[in-house]
Amino acid sequence: MITIKDLHKSYKTGNNSLHVLKGINFNVSEGELVSIMGSSGSGKSTLLNILGMLDEADTGSYTLDGVAIKNLNEKIAARYRNKFLGFIFQSFNLINYKSALDNVALPLYYQGMKRGERMDRAKAYLEKVGLAQWMDHLPNQLSGGQKQRVAIARALASDPKVLLADEPTGALDTKTSYEVMDLIQQINDEGRTILIVTHEPDIAQMTKRIVNLKDGLIIDDTKVNQVRALQNV
Amino acid sequence: MFDLERWQEVFETISKNKLRTFLTGLSVASGIFILVILLGIGEGMKNGIEREFQGDAANAIYVYPGVTTKEYKGLNPGRRIQLKNDDFEYTSAENKSALEFKSSVYRIYGGLLTYENESGSYSVEGVYPDYQFLENASMVTGRFLNYKDIEESTKIVVLGNRVKMDLFKDSKDVLGEYVEISGIKFQVVGVYTDPGGEREESRVFVPITTAQKVFSGGNNINSLSFTLEPKDTYEEALLASNNFTNKVETYLKGKHTIAPGDNSAVRVNSRLENTKRFYDLIGMIKMFFWGVGICTIIAGVVGVSNIMLIIVKERTREIGVRKALGAQPLSIIGMVLHESIFVTSFAGLTGLIMGLVLLDFVGPMIQTDFIYNPTVNFKVALSTVVILIVAGAIAGFFPSYRAARIKPIIALRDE
Ligand SMILES: Nc1ncnc2c1ncn2[C@@H]1O[C@H](COP(=O)(O)OP(=O)(O)O)[C@@H](O)[C@H]1O
Ligand SMILES: [Mg+2]
């Protein structure tokens, strides 16, 4: 599903150049649930942003679902993001004046889907994350866990190939974190490929594979015995 | 622009940010409001002056004698010029083909009119039949003077509507009655009305030949009035009018031994030229009002643009999210532009309608000679609407450009 080869990325700030990714080689197959771990500043988000086409690598190749991702202009990047990817953020990034339902329907709007169909689908995904009766609520009327569920529903709505989650439980307490992880595991059980950036070992243990990042290189990449989140709730 | 989905997006954004939208619209609405009021006043001024002129034929030319102010050929200044019948006869004959209507006037100011127990003092004017058209008078009842009256010096009179009201009250039996003018009986043959209003209806007309005989006028006349044959264009008419006035002036100055530069001894007044001057003035006032109005709208546009910029900045993260979810740069531009145009147009239309309503209600209540019936016509209203849409697009341009350049990775970074 994802193949990256010898990926390099550095940030230029003034005269200094900060070499963040120093040659990442990495494959993800369909249906995997991978966590990317590493200390703060190790380049986890940078890697995820490149995978998410929000940023571009300096050198190296990236193939997503058989499509070579290169020479992106804004238009093409936007179309690929819409078609291939779903994003889940630490701070949810819901649009605060739109209802839960409208938030979930937004990626479908950018797909050019008609309103009626859009709303039906958004409703179905809200049901899937257990928030059907909250669909008319605004984000600030929801708890943190509920907000993240709405964000997950939104990420799923466009039926993407891959879900990218940057610290999805970073802003949640332990109990809520596990509930969210349970949802993510369920979605993965249905066969969807998911990448999670986290620095919490217990969250990483709930994925099926842990990739460890240090100083811009992968130092460890191991399959784990998945801990089911539901057992810990 | 006709994308229904986009409209829904815009309505949603607006309805969830009512105060912000309201404040944005207010500046534009007041700008258009002021523009409409100013344009209305400009139109009212034009109407007011037009009405002032309506009293007489639009292309009338008047000749009044005055007092000389310059010594000429041994004659002292301060000499009063007296026009005579032959002045009128000569100018009429000389310009026969160019003239449409013509009349000389022998006038008695403050003639005493009496009918039974009512009496009053009015201007009594001895005139020719053409005078009806020179004055734009129309008959309420009966007839105006005719050439037989002139030839036979009949003692008949045409009353102004005001005079009729004063002397006869509401009585319908006016025709055939006799009124006394300075003690002499005249038979009433008609009553006229004049668009010039009460002032111009407080006069009575009698045949000039009768007036000169009865009131010991001899050959004297007080003024001449003419209109020229109509021309196809205003420019031709103005040219003909100027030719004629020059000719008459030169002739009369020669005949009465007046210095060529002595302009107060004979005054030739051309309505056409006066009107032109007024229209030029009104045109300038209107241009000025447009200028002020447009400046107000520009201020409004700058305001909207500023607010939209702040809004874009406020919505940076939201725009980042939209882009991460697949929004194309064009779609972001469209969103901001659409909102800007919609808000400006809607607010502007509100201002336009409020201005029109105000003009409609207050306009008829304005009672001055200078402003009459201030209105804004459909064409002007339409141009303001076009201005609004353009203004909205301009106001939205920079903010939308900035919005399109927002990088999602920067917008979404967690602080
Ligand atoms: N846009 C940027 N410009 C400059 N430096 C950046 C930028 N984004 C990230 N960095 C730096 O790159 C390094 C890696 O950042 P990041 O990928 O966010 O790490 P992590 O997510 O693992 O905490 C950090 O040292 C960070 O300061
Ligand atoms: Mg990070």
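All of these numbers come straight from a predicted model, not from anything done at the bench. (Residues numbered from 1 in each chain as written. Chains lettered and ligands numbered in written order. Predicted model: local features only at pLDDT ≥ 70, side-chain atom pairs only at ≥ 80, totals over all residues. Heavy atoms only, no water.)

### Quick look at the overall build of chain B
Stage number 1. Per the secondary structure count, chain B includes 14 helices and 12 strands.
Stage number 2. Taking all 415 residues of chain B together, the buried fraction comes to 48%.
Stage number 3. Residue pairs in contact within chain B that sit at least 24 positions apart in sequence constitute 77% of those at least 6 positions apart.
Stage number 4. About 20500 Å² of surface is accessible on chain B, with carbon and sulfur atoms providing 61% of the total. (Helix = DSSP H or I, 4+ residues; strand = E, 2+ residues; numbered from the N terminus. Buried < 20%, exposed > 50% of the residue type's maximum accessible area, 1.4 Å probe, protein only. Contact = heavy atoms within 4.5 Å. Areas by Shrake-Rupley, 256 points an atom, 1.4 Å probe, with all protein chains shown as cover.)

### Comments concerning the site of ligand 1
Stage number 1. Close to ligand 1 lie 13 residues, the nearest being Gly-41, Lys-44, Ser-45 and Thr-46 of chain A together with Arg-413 of chain B.
Stage number 2. Proximal residues around ligand 1 fall on chains A and B, making this an inter-chain site.
Stage number 3. Note that an oxygen atom of ligand 1 is positioned 2.8 Å from one of the backbone N or O atoms of Gly-41 of chain A.
Stage number 4. Ser-42 of chain A is positioned such that a nitrogen or oxygen atom in its backbone is 3.3 Å from an oxygen atom of ligand 1.
Stage number 5. Coverage of ligand 1 by the protein chains reaches 66% of its 570 Å² of free accessible surface.
Stage number 6. Judged by the fraction of its atoms near the pocket grid, ligand 1 is located in the largest pocket.
Stage number 7. Of all the elements in the fold, those that place two or more residues in the shell around ligand 1 are β1 (2-13), β2 (16-28) and α1 (44-51) of chain A. (Near = heavy atom within 4 Å. Polar contact = N/O pair within 3.5 Å; in protein donor to acceptor, adjacent residues only side chain to side chain. 1 Å grid on protein atoms, 1.4 Å probe; cavity = no way out; pocket = protein on both sides within 12 Å on 5 of 7 lines; lining within 4 Å. Sits in = over half its atoms within 2 Å of the grid points.)

### What to know about the pattern of salt bridges
Stage number 1. With the rule as written, the count across this model stands at 25 salt bridges over all chains.
Stage number 2. The partner of Asp-189 of chain A in a salt bridge is Arg-228 of chain A, with the nearest N and O atoms 2.8 Å apart. With a gap of 39 residues between them, Asp-189 of chain A in helix α6 (residues 174-189) and Arg-228 of chain A in the segment after β10 (217-223) connect regions that are remote in the sequence.
Stage number 3. When its relative accessible area of 43% is taken as the criterion, Asp-189 of chain A is described as partly exposed.
Stage number 4. One salt bridge in this structure joins Lys-185 of chain B and Glu-180 of chain B, with 3.4 Å as the shortest N-O distance.
Stage number 5. In the salt-bridge network here, residues are joined through shared partners; they are Arg-107, Glu-125, Glu-135, Asp-194 and Arg-203 of chain B. (Salt bridge = Lys/Arg side-chain N within 4 Å of Asp/Glu carboxyl O.)

### Things to note about the sheet that holds strand β9 (residues 209-214) of chain A
Residue and element names in this part refer to chain A.
Stage number 1. The six strands lie next to each other as β6-β7-β8-β3-β9-β10, forming an open sheet whose pairing is mixed. Of all strands in the sheet, those with a lone pairing partner are β6 (85-88) and β10, marking the two edges. Each neighbouring strand pair of the sheet contributes to a mean axis angle of 15 degrees, computed without reference to strand direction.
Stage number 2. Of the strand pairs in this sheet, strand β3 (residues 33-37) and strand β8 (residues 193-197) are connected by four bridges, and their pairing is parallel. Residue pairing in the sheet places Val-34 in a bridge with Leu-195 of β8. (Pairing = 2+ DSSP bridges. Axes fitted to C-alpha atoms, helices over the stretch in contact; angles between N-to-C directions.)

### Notes on the UniProt feature "transmembrane region" (unreviewed entry) in chain B
Stage number 1. Per the UniProt record, "transmembrane region" (unreviewed entry) is annotated on residues 21-41, 287-312, 332-358 and 378-398 of chain B.
Stage number 2. Secondary structure across residues 378-398 of chain B comprises 100% helix and 0% strand; the distance between its end C-alpha atoms is 32 Å. (UniProt positions renumbered as here; feature names shortened; annotations may be inferred.)

### What to know about the environment of Leu-75 of chain B
Residue and element names in this part refer to chain B.
Stage number 1. Mapped onto the secondary structure, Leu-75 falls in the loop between β1 (60-65) and β2 (83-84).
Stage number 2. By relative accessible area, which is 31% here, Leu-75 ends up partly exposed.
Stage number 3. Sequence-wise, Leu-75 and Thr-257 are 182 residues apart; in three dimensions their C-alpha atoms are separated by 8.3 Å.
Stage number 4. Setting aside chain neighbours within four positions, we find Leu-75 in contact with Lys-70 and Thr-257.

### Section: the layout of surface pockets
Stage number 1. The computed volume of the largest pocket comes to approximately 840 Å³.
Stage number 2. Along the wall of the largest pocket there are 32 residues; nearest its centre are Ser-45, Thr-46, Asn-49 and Asp-166 of chain A together with Arg-413 of chain B.
Stage number 3. Contributing elements (two or more residues each) for the lining of the largest pocket: β2, α1, β6 and β7 (162-166) of chain A together with α14 (408-411) of chain B.
Stage number 4. Of the residues forming the lining of the largest pocket, the biggest block, five residues, is contributed by α1 of chain A. (Points joined across faces, edges and corners; volume = space filled by probe spheres on them.)

### Describing a nonpolar patch on the surface
Stage number 1. A grouping of Leu-349, Ile-353, Val-357, Leu-358, Phe-361, Val-362, Met-365 and Ile-366 of chain B is seen on the molecular surface, where their side chains present a nonpolar patch of about 710 Å² in accessible area.
Stage number 2. Assignment of secondary structure puts Ile-366 of chain B in the loop between α12 (329-362) and α13 (378-404). (Patch = residues over 30% accessible without salt bridge, like charges linked within 9 Å, V, L, I, M, F, W, Y side chains within 5 Å.)

### Describing the side chain of Ser-305 of chain B
Stage number 1. On the secondary structure map, Ser-305 of chain B appears in helix α10 (residues 271-314).
Stage number 2. Dropping the residues within four chain positions of it, Ser-305 of chain B is found in contact with Ala-395 and Pro-399 of chain B.

### Describing the pairing of strand β12 (residues 266-270) of chain B
All names here are of chain B.
Stage number 1. Every second residue of β12 is oriented toward a common face, the buried set being Val-266, Val-268 and Ser-270 and the non-buried set Arg-267 and Asn-269.
Stage number 2. Bridge analysis of β1 against β12 gives five bridges, and the strand direction is antiparallel. Residue pairing for β12: Ile-61 is matched across the bridge by Ser-270.

### Observations regarding the interface of chain A and chain B
Stage number 1. The partner chain B presents 26 residues to the 27 residues of chain A that form the contact.
Stage number 2. Between chain A and chain B lies a buried interface of about 2500 Å² when both sides are counted; carbon and sulfur atoms form 51% of it.
Stage number 3. The largest per-residue losses of area from chain A upon contact with chain B belong to Glu-74, Tyr-97 and Tyr-110 of chain A, which jointly make up 29% of the total buried on that side.
Stage number 4. Scanning the region where chain A abuts chain B turns up one salt bridge.
Stage number 5. Measuring nitrogen to oxygen at the nearest pair gives 3.3 Å for the salt bridge that ties Lys-323 of chain B to Glu-74 of chain A.
Stage number 6. For the pair chain A and chain B, the number of links is nine residue pairs in polar contact (both at pLDDT 80 or more). (Buried area = accessible area lost by both parts, 1.4 Å probe.)

### Regarding the environment of Ala-324 of chain B
Stage number 1. Position of Ala-324 of chain B among the secondary structure elements: in helix α11 (residues 316-324).
Stage number 2. Given a relative accessible area of 2%, Ala-324 of chain B falls into the buried group.
Stage number 3. In this structure Ala-324 of chain B touches Leu-54, Arg-81, Phe-87 and Phe-89 of chain A together with Pro-408 and Leu-412 of chain B, once residues within four positions along its chain are discounted.

### Focus on the packing of α12 of chain B against α13 of chain B
Residues and elements named next belong to chain B.
Stage number 1. Relative orientation of the contacting elements α12 and α13 amounts to 150 degrees, with a least axis distance of 7 Å. Crossing hand, α12 versus α13: right-handed.
Stage number 2. Tallied by class, residues from the contact of α12 with α13 come to 18 nonpolar, eight polar and no charged. (Left-handed = near helix turned anticlockwise from the far one by under 90°. Nonpolar A, V, L, I, M, F, W, Y, C, P; charged D, E, K, R; others polar.)

### Thoughts on the sheet that holds β2 of chain A
Residues and elements named next belong to chain A.
Stage number 1. Taken in spatial order, the four strands make up an open sheet running β2-β1-β4-β5, and their pairing is antiparallel. With partners counted over all chains shown, the strands left at the sheet margins are β2 and β5 (67-68), one partner each.
Stage number 2. One ladder, built from five bridges, connects β1 with strand β4 (residues 59-64); its direction is antiparallel. Within β4, the residue paired with Ile-4 across the bridge is Tyr-62.
Stage number 3. With respect to the sheet, α1 is in contact with β1, β2 and β4, its orientation differing from that of β1 by roughly 120 degrees.

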